[in-house]
Amino acid sequence: MAETLDPLSPTVNISPRIGILQKLRTRFGRNVPINRNNSEGYVEFGEFRVERPGIKKVGTFAGVFCPVVLSMFSALVFIRMGYLVGNAGLLVTLAQFAVAYLIVLFTVTSICAISTNGAVEGGGVYFMLSRTLGPEFGGAIGTLFFFANVVSSALCISACTEALVENFGTNGYLVGESGGIPDSWWYRFLYRSVLNAVGLGVSLAGASLFARTSLAIWVTMLVCLASAFLSFFITSPAQIEKPDSNHLINTTYLNYTGLSVSTLASNLYPQYGRDYTTASGQLVDFASVLGVLFTGVTGVMAGANMSGELKHPSRSIPRGTLAALLFTAASYAALSLLTAATCSRELLQNNYVYLLPINVWPPFIAVGMIVATFSAALSNLIGASRVLEALAKDDIFGFLLRPMVSRSGNPVLAVVVSWALVQVGVAADSLNAIAQVNSVLFMTSYFAINLACLGLELASAPNFRPTFRQFSWATSLAGLCGSAALMFSLRALYAAGGALAAAGLVLALHLLSPAAAEPKWGSLSQALIFHQVRKYLLLLDPRREHVKFWRPQMLLLVASPRQSAPLIDFVNDQKKGGLFVLGHVRVGRLDGAGDPLAEEHQYWLKLIDHLKVKAFVELCLAESVRSGAAHLARLSGLGAMKPDTVLLGFWDDAQPRDFFREPESPYRTELFDAGGGAFPARRAGAARLPPAEYVRILSDVLCVNKNVCICRHFHLLDMAAVERKSPSLKYIDVWLVDLLAPSREEAFSVRGLFALQLAAVVRSARGWQHLQLRVHTTRHASLTVGSGDSPAPDGPPLQQRLEELLKLLRINATTHIISDWPKLDLSRWSDTDEDLYQRVPATYLKTVNSIVRERCEQGTAVTFVQLSAPPREADELCEQYLQVLDEFTKDLSPTILVRGLKSVTSTSL
């Protein structure tokens, strides 16, 4: 047999007569990694999967059509048709079938669309959902689908037991009064346990064995069903004896009329009675009938569950499922019509196995009952084990399910666990009670499948190109709404429980699942978020910005996060729902060998997760730090969401601290120590950024009309102490005084109001609201250029004006007028004098530093001060400028030097 390679499939078929490894290496090369331990019957070879010789797969008919038909017929076709027609009447029964099949048809189109959009592996519906919705949603719905299969298996085993008792029990139809197997709750539990054990044995032998025998089972069931249809036309009217298990009526015999128009007319409309299989004879209603009826359409997933055993899952699942749907719908409709036309209402309500005594040869129906129910139980047990193994392989529940993964292709432990849960389910007393739970669980799965397909269609993902095209967003939406409506109308309490269970699982998996922490496949939520974000970003027009709705949009330039972790944490609080971008510049250039920042970008994303900050990452490769910072300041963001404020760390020679390695650090982690360590920290004494380059970065930021902030001493900020409301931290201080131009009007300038707004935003953040905001200014005016006289002192009116301003701005703060702020006479120099920074008296700087430091020692968490304009040209001026700032902020609390260019406050509505 020649080697074949399908360009649209990741599977390569290779003759068993040729050595696999030799053939693979000849075709694809010797250095491609090989995984021989794939449990799906494949050898993984790089990007390709190669079928192992000897691993036999099944086709559409035996692998999909037969299991789906057998699962859908299950307990309904031979055991519960009388329950449906006898209580709901023919018209309501057909209407319920129509609604159920319509929902299932819509769901099947969604299944077909997803299954033909790529290679389908083991796990069936769970595999499709997880690869579409992501690990959290897929894992949650997959778990519910696993339990749905478990409950369905228990339902079918209970139905099989009922068939055994009705045929071979005391006064059973096939043994008469001569005896038979004993009947009681304990005996029925014993029979269920034995049947479940037989199912365990078959499942341990392998799902492919069941798939191959399903054809023979289907033929047997078809013969039995054909005998039932023929019997309606052959059997003469007769008196049918009620079953011994019915203790609700005293009548012994019930009427079978044969084909009769009057019988059909009497069975057209609903007439609800009591369910004789329940201990108390519970009254039947519309919802209970619908719940039992829906179990006849839940088996539609059986073919998808066998995806790991199919030769061509993407082709077999759509064809086999749709054909089975058509076959079972026609069978149910015909059986309902003939039942209503031949059986009296009393017979249908009081003998659910009426098909057996009216059959031309009753053993046909007995065999059909047992074969249909047991094969469906087996199909669901195998399906449950495959879903459980798929959950384990995807590491959804971590170590809890890891032992479920099998290397042999048959998940033995997953089968045993599924069997044990089915054993718990068969303890339920009533078949109809199990059916209610079963229907709700499957409808939850249908809801998720339609949701996944609808999301893929609405997200307009370019790679969503299913070969099955007979679907649309309307069919998915109809299936989704129909599943939800039917689920809540059937049993609202069960439906609410299923919804809460799904929501709880989604949340738990999002927080705890290893698969969610490092997803290996795409998530539909990301595609939908991208689709919506793009749409709303286009609607966000920068020309319509208004100061009333201003919020901080921060770009924090970081050299090494190891030294800046507290600052990153603080800016995350300062952004107040605005934009937060972490920017980093690496000096270098592209060398044609790939993106040099790709690997580092992954570390920055891990950093965001570790610090739990809501930020974006922008990395820049440039020939200098200055040019890279200018690029980031100008180009960061998208559309109207662009930073308007740039923050930097202070230029000083402070001893660097590694917050990722310090034993007592709240940011301690080993995430970034592997492979030599990410984010190398600056060592003490190492070369720093030249002062001129640093100051020119400030000038560049101001040149592009961005606000600028310099942050110092933030290695001293204890965010944990702030959040636990430490008594040593009481205030947030704002100094509305320009160091080189101390003016009483500074508080009312754009620069002053910007600093005040930032402080107010920090105080409003969660964890900072207990701190008191203090606003400081001076009553003295500077002797500015061209002014030879000192203005008259302001006195009390200044404080009154400041308090009125705070009231207008709705900022709760105390005001403090600093009367001992020293005067600085700058009138002798021009505004561009190069000696400006050098001639600022050292005594002046020490005095103002001591005034601010004295206030800080009273319990200040963060201090906001005004930043004087940086020099533009000479290198020596840049160094003098930094020395002035260094002396001014020495030994203060965590300090932010602020220079604002934009109005950010509003007093109007």
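Cut-offs applied
Sequence order sets the numbering: in each chain, residues are counted from 1 along the sequence as written. Only residues with pLDDT of 70 or above have their local features reported here, since the model is predicted, and side-chain atom pairs are shown and tallied only from 80 upward, although totals for entire chains, interfaces and linings are computed over all residues. Side-chain measures were taken over the full set of non-hydrogen atoms in the model, leaving aside hydrogen atoms and water. Helix and strand definitions follow DSSP, with helices as H or I runs of at least four residues and strands as E runs of at least two, each counted in order from the N terminus. Classification of residues uses two cut-offs on accessible area relative to the type maximum, computed with a 1.4 Å probe and protein chains only: under 20% is buried, over 50% is exposed, and between them is partly exposed. Throughout, a residue-residue contact means that at least one pair of heavy atoms, one from each residue, lies within 4.5 Å. Residue-level accessible areas treat just the shown protein chains as cover; the underlying method is Shrake-Rupley with a 1.4 Å probe. Between 30 and 60 degrees the pair is tilted, below 30 it is stacked and above 60 it is edge-to-face, where a pair is any two Phe, Tyr or Trp rings, Trp via its six-membered ring, whose centres lie within 6.5 Å. Two conditions define a charge sitting above a ring: the NZ of Lys or the CZ of Arg must be within 6 Å of the ring centre, and it must be within 35 degrees of the ring normal. Working rule for helices: expected span equals 1.5 Å times residues minus one. By this definition, two strands are paired if DSSP reports at least two bridges between them. Working convention: axes come from line fits to C-alpha atoms, limited for helices to the stretch in contact. Angles between N-to-C directions cover 0 to 180 degrees. Whenever a carboxyl oxygen of Asp or Glu lies within 4 Å of a side-chain nitrogen of Lys or Arg, that contact is scored as a salt bridge. Angle categories: roughly parallel below 35 degrees, roughly antiparallel above 145, roughly perpendicular from 65 to 115, and oblique for all the rest. Each crossing gets its handedness from the near helix: less than a right angle anticlockwise from the far helix is left-handed, clockwise is right-handed. Throughout this entry, Asp, Glu, Lys and Arg are counted as charged residues, while Ala, Val, Leu, Ile, Met, Phe, Trp, Tyr, Cys and Pro are counted as nonpolar. The remaining residues, Gly among them, count as polar. The definition of a nonpolar core used throughout is a set of buried Ala, Val, Leu, Ile, Met, Phe, Trp, Tyr and Cys residues joined through side-chain atoms within 4.5 Å. Our working definition of a disulfide is a cysteine sulfur pair at a distance within 2.5 Å. For the purposes of these results, a polar contact is taken to be a pair of N or O atoms within 3.5 Å, where, inside protein, one atom must be able to donate a hydrogen and its partner to accept one; residues adjacent in sequence count only when each atom of the pair is a side-chain atom. Nonpolar side chains (Val, Leu, Ile, Met, Phe, Trp, Tyr) are joined into patches within 5 Å and like charges within 9 Å, using only residues with over 30% relative accessible area and no salt bridge.

Colleague: Explain the overall build of the protein residue by residue, including any values.
Modeller: Looking only at helices and strands, the protein features 30 helices and 17 strands. Relative to its 909 residues, the protein shows a buried fraction of 54%. Contacts in the protein between residues far apart in sequence, at least 24 positions, make up 80% of those at least 6 positions apart. For the protein, the exposed surface amounts to about 39500 Å²; the carbon and sulfur share of it is 58%.

Colleague: Describe the packing of aromatic side chains, naming the residues involved and giving the relevant values.
Modeller: Under the criterion given, the structure shown has 31 aromatic pairs. Here a set of aromatic residues connected by ring pairs shows up, and it is made of F61, F65, F73, F97, Y101, W218, F327 and Y332. When the ring centre of Y536 is taken as reference, the NZ or CZ atom of K535 above it lies at 5.5 Å. Above the face of the Y731 ring, R774 is positioned so that its terminal group lies 3.8 Å from the ring centre.

Colleague: Account for helix α7 (residues 185-205), naming residues and giving values.
Modeller: Taking 1.5 Å per residue as the helical rise, α7 with its 21 residues ought to reach 30 Å, and the 30 Å between its terminal C-alpha atoms agrees with that figure. Those residues of α7 not exposed but buried are R188, Y191, R192, S193, L195, N196, G199, L200 and S203. Close packing links the buried residues of α7 with α6 (135-168), α15 (363-393) and α16 (412-425). With its phi angle positive at about 125°, G206 sits one or two positions after the end of α7.

Colleague: Can you explain the environment of S214? Please cite residues and give values.
Modeller: Within the element layout of this structure, S214 appears in helix α8 (residues 207-234). The exposure class of S214 is buried, given its relative accessible area of 0%. Measuring from C-alpha to C-alpha, the distance between S214 and S379 comes to 9.5 Å, with 165 residues separating the pair along the chain. Once residues within four sequence positions are removed from consideration, S214 is found in contact with A62, C66, P67 and L70.

Colleague: Lay out the sheet that holds strand β12 (residues 707-712) with the relevant residues and their values.
Modeller: What the 10 strands build is an open sheet, ordered β10-β9-β8-β11-β12-β17-β16-β13-β14-β15; its pairing is mixed. Either end of the sheet is taken by a strand with one partner, and the two such strands are β10 (616-622) and β15 (814-818). Taken over all neighbouring pairs, the strand axes of this sheet differ in orientation by 25° on average, direction set aside. As judged from the 5 bridges shared by strand β13 (residues 731-735) and strand β16 (residues 860-866), these two strands associate in the parallel manner.

Colleague: So, the pattern of salt bridges: which residues are in play, and what are the values?
Modeller: Tallied over the full model, the rule gives 15 salt bridges. Note that D541 is salt-bridged to R543, the shortest N-O span being 3.0 Å. Taking relative accessible area as the criterion, D541 reaches 22% and is therefore assigned partly exposed. Here D652 ties to R712 by a salt bridge, and the two come within 3.5 Å at their closest N and O atoms. Of the two residues, D652 is situated in the loop between β11 (645-649) and α25 (691-703) and R712 in strand β12; the sequence distance between them amounts to 60 residues. Here D652 and R712 have matching classes, each one buried. One salt-bridge network, in which partners are shared between bridges, spans R562, D658 and R661.

Colleague: Quick one: what's the story with the pairing of β12, residue by residue and with numbers?
Modeller: Most of β12 sits out of view: 6 of its 6 residues are buried. Neither face of β12 is exposed, since N707, C709 and C711 on one face and V708, I710 and R712 on the opposite face are all buried. Both β11 and β12 contribute to a ladder of 5 bridges, which runs parallel. Following the sheet pairing, L647 is matched in β12 by C709. Here β12 runs beside strand β17 (residues 895-899); their pairing, made up of 5 bridges, is antiparallel. Bridge pairing in β17 links R712 to T895.

Colleague: Go over the packing of α7 against α16, please, and point to the residues and values.
Modeller: Where α7 meets α16, the axes come as close as 10 Å, and the angle between the chain directions of the two elements is 165°. Accordingly, the angle class assigned to the pair α7 and α16 is roughly antiparallel. Here the hand of the crossing between α7 and α16 comes out right-handed. For the pair α7 and α16, the contacting residues are F189, S193, N196, A197, L200, S203 and L204 in the first and V412, V415, V416, W419, V422 and Q423 in the second. Along the lines of polarity and charge, the residues of the contact of α7 with α16 split into 9 nonpolar, 4 polar and no charged.

Colleague: I'd like a description of the nonpolar core, backed by residues and values.
Modeller: Core analysis: the largest hydrophobic core is formed by 146 residues, its most contacted members being F78, L84, M221, M301, Y354 and L355. Contact partners of F78, with chain neighbours within four places excluded, come to M221, C224, L225, Y352, V353, L355, I365, G368, M369 and A372. Counting residues in hydrophobic clusters, the runner-up holds 62 residues, among them L619, A721, A755 and V762.

Colleague: Lay out the state of the cysteines with the relevant residues and their values.
Modeller: According to the stated counting rule, one finds 0 disulfides in the structure shown. As a non-bridged cysteine, C112 has C453 as the owner of its nearest cysteine sulfur, 9.7 Å distant. On the basis of relative accessible area, C112 is assigned to the buried category, the value being 0%. Free of any disulfide, C160 has its nearest cysteine sulfur in C156, 9.1 Å distant. The class of C160 is buried, set by a relative accessible area of 0%.

Colleague: So what's going on with helix α18 (residues 473-490)? Residues and values would help.
Modeller: Compared with the 26 Å implied by 1.5 Å per residue over 18 residues, the 25 Å span of α18 between its first and last C-alpha is a close match. Within α18, the full set of buried residues consists of T475, S476, G479, L480, G482, S483, A484, L486, M487 and L490.

Colleague: Got a sec to walk through the side chain of Q349? Specific residues and values, please.
Modeller: Locating Q349 in the fold gives a position in helix α13 (residues 345-350). Here the side chain of Q349 touches Q271 through a polar contact of 2.6 Å, landing on its backbone oxygen. Residues in contact with Q349, not counting those within four places in the same chain, are G86, N87, Q271, Y272, G273, R274 and Y276.

Colleague: With reference to specific residues and values, describe unusual backbone geometry.
Modeller: Look at D395: it is not a glycine, yet its phi comes out positive at around 60°. Note that D395 resides in the loop between α15 and α16. A relative accessible area of 19% means that D395 is categorised as buried. One non-glycine residue, N705, lies in the positive phi region at around 65°. If you trace the backbone, N705 turns up in the loop between α25 and β12. Looking at N705, the relative accessible area reads 42%, which means it is partly exposed.

Colleague: Explain a nonpolar patch on the surface to me, using residue names and the numbers behind them.
Modeller: Taken together, the side chains of L230, F233, I234, L259, V360 and W361 present a nonpolar region at the surface, about 650 Å² in accessible area. Looking at where V360 falls in the secondary structure, it is placed in the loop between α14 (355-358) and α15.

Distances and angles like these do not, on their own, reveal function.
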